[in-house]
Amino acid sequence: MAIKRSSQEDKPPRKKNTSSVNQANQKQNLLSAKLTATETENNEEGIRPHKLADYIGQKELKQILNIAIAAAKGRQEPLDHLLLYGPPGLGKTTMSLILASEMEVNCKITAAPALERPRDITGLLIGLKPGDILFIDEIHRLNRMAEELLYPAMEDYRLDITMGKGQSAKIRSIKLPPFTLVGATTKVGSLTSPLRDRFGLIQRLRFYEVDELTLIVQRTAAILQVAVTDNGAAEIARRSRGTPRIANRLLKRVRDYAQVKKIPTIDQSLAGEALDLFNVDQRGLDWTDRLVLTTTIEQFGGGPVGLEAIAAATGEDAKTIEEVYEPYLLQIGYLNRTHRGRIVTKAAYEHLGKTKL
Ligand code: ADE
């Protein structure tokens, strides 16, 4: 499988070329480079599983995808378009890369905010090879033009390009190879229904159980050649907010701590000590989670209070609170969302050592 993100495969043309497709490709290269940089920072690449069999958790989703892969392979067709939704860090990109690997095709990765102009998306679609996967992250943020280009592309593998303007405008149709669109979103409700309806499979990724995250920590530790006891891995897992990306990030922070303290094996007490230092508490709440909860308690009597009011009082972006922080607080029952606003629960008061006035 080739992952089309680095500039290796999409090298910018040496000669100056002003055709729109090439310009689109050049822009794509910039985006690719950016994604690669982010990935290098997070260094997720080396620790991602490449096969469905190595992917821990999401049992139901794996079963569904195994069937879809076997059926598509049997018919020698690309996979159906797939929409993956759920909170960040649960493995949407990883799953798309796994599908490409299982289907032995390329995976081109992009995100909706990078597809501003029509030629951004046409450039990507034109470059696809039969069976390829096009992964669009944050797909709920696609603009109307990009969406409308995707409709015939998804339905009939056809790209309708408007040439010229006004009354003399003509539509030219270009045949595309059969391909699979994998869309990822944290906000499935924000997708327009025509776009949502064009996905053959719509699947949610769930938060992971502690035992699943423990296995993920152990797997990553083995790849990074870090010694960790079962209880040490479980301690990291418990504080990872049900999220593999966080589990792997915390493992790396604990590894740094152990290295500096010259302790060869990460056990439960070392993991706890390191994570306390990094301000990740026993339920995995970080500084911002606690700020959201304590502000709601101290300034709004625990709610009900609107999201915008919480954002203003904490200085955090409302979207970030809604998409990054709230899902886990709702999942563990520390926050309730009602039509009158957010309410901090008794369990959260207890966790924070606060009493309701
Ligand atoms: N690394 C990150 N997510 C993973 C998962 N679900 N399974 C195995 N390794 C992972």
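Preceding this paragraph is the structure being described.
Parameters at a glance
Residues numbered from 1 in each chain as written. Predicted model: local features only at pLDDT ≥ 70, side-chain atom pairs only at ≥ 80, totals over all residues. Heavy atoms only, no water. Helix = DSSP H or I, 4+ residues; strand = E, 2+ residues; numbered from the N terminus. Buried < 20%, exposed > 50% of the residue type's maximum accessible area, 1.4 Å probe, protein only. Contact = heavy atoms within 4.5 Å. Areas by Shrake-Rupley, 256 points an atom, 1.4 Å probe, with all protein chains shown as cover. Axes fitted to C-alpha atoms, helices over the stretch in contact; angles between N-to-C directions. Parallel < 35°, antiparallel > 145°, perpendicular 65-115°, else oblique. Nonpolar A, V, L, I, M, F, W, Y, C, P; charged D, E, K, R; others polar. Arc of directions from axis to C-beta.

Of the regular secondary structure elements, the protein holds 14 helices and 12 strands. Here the protein, with 357 residues, has 49% of them falling under the buried criterion. Sequence separation of at least 24 residues holds for 71% of the intrachain contacts in the protein that already meet a minimum separation of 6. In the structure as shown, the protein presents an accessible area of about 18000 Å², 50% of it carried by carbon and sulfur atoms.

Let us now look at the packing of helix α11 (residues 287-300) against helix α12 (residues 307-314). Packed helices, taken two at a time, are described by the angle between their axes plus the distance between the axes. Two elements in contact, α11 and α12, have axes separated by 10 Å at closest approach and are oriented at 100 degrees. As summarised for this structure, α11 and α12 are arranged roughly perpendicular, according to the angle between their axes. Here L291, V292, T295, T296, Q299 and F300 of α11 lie close against α12, whose contacting residues are A309, I310, A313 and T314. A class-by-class count of the residues in the contact of α11 with α12 yields 6 nonpolar, 4 polar and no charged.

Buried residues of α12: L307, I310, A311 and T314, and no others. Projection of α12 onto a plane perpendicular to its axis shows the buried side chains occupying an angular sector of 100 degrees, all on one side. Of the exposed residues in α12, the ones pointing more than 90 degrees away from its buried face are E308 and A312. Immediately beyond the C-terminal end of α12, within one or two residues, lies G315, with a positive phi of roughly 80 degrees.

Here the focus is unusual backbone geometry. Between G303 and P304 the backbone carries a cis peptide bond, its omega angle lying at 5 degrees. Within the secondary structure, P304 is located in the loop between α11 and α12. One non-glycine residue with positive phi stands out, namely E138, at about 50 degrees. Inspection of the secondary structure puts E138 in the loop between β4 (133-137) and α5 (144-156).

Glancing now at helix α10 (residues 268-277). Here α10 has its buried residues at L270, A271, G272, A274 and L275. The inward-facing, buried residues of α10 contact α8 (230-238), α9 (244-260) and β10 (265-266). In the stretch just after α10, N279 is the one whose phi turns positive, near 70 degrees.

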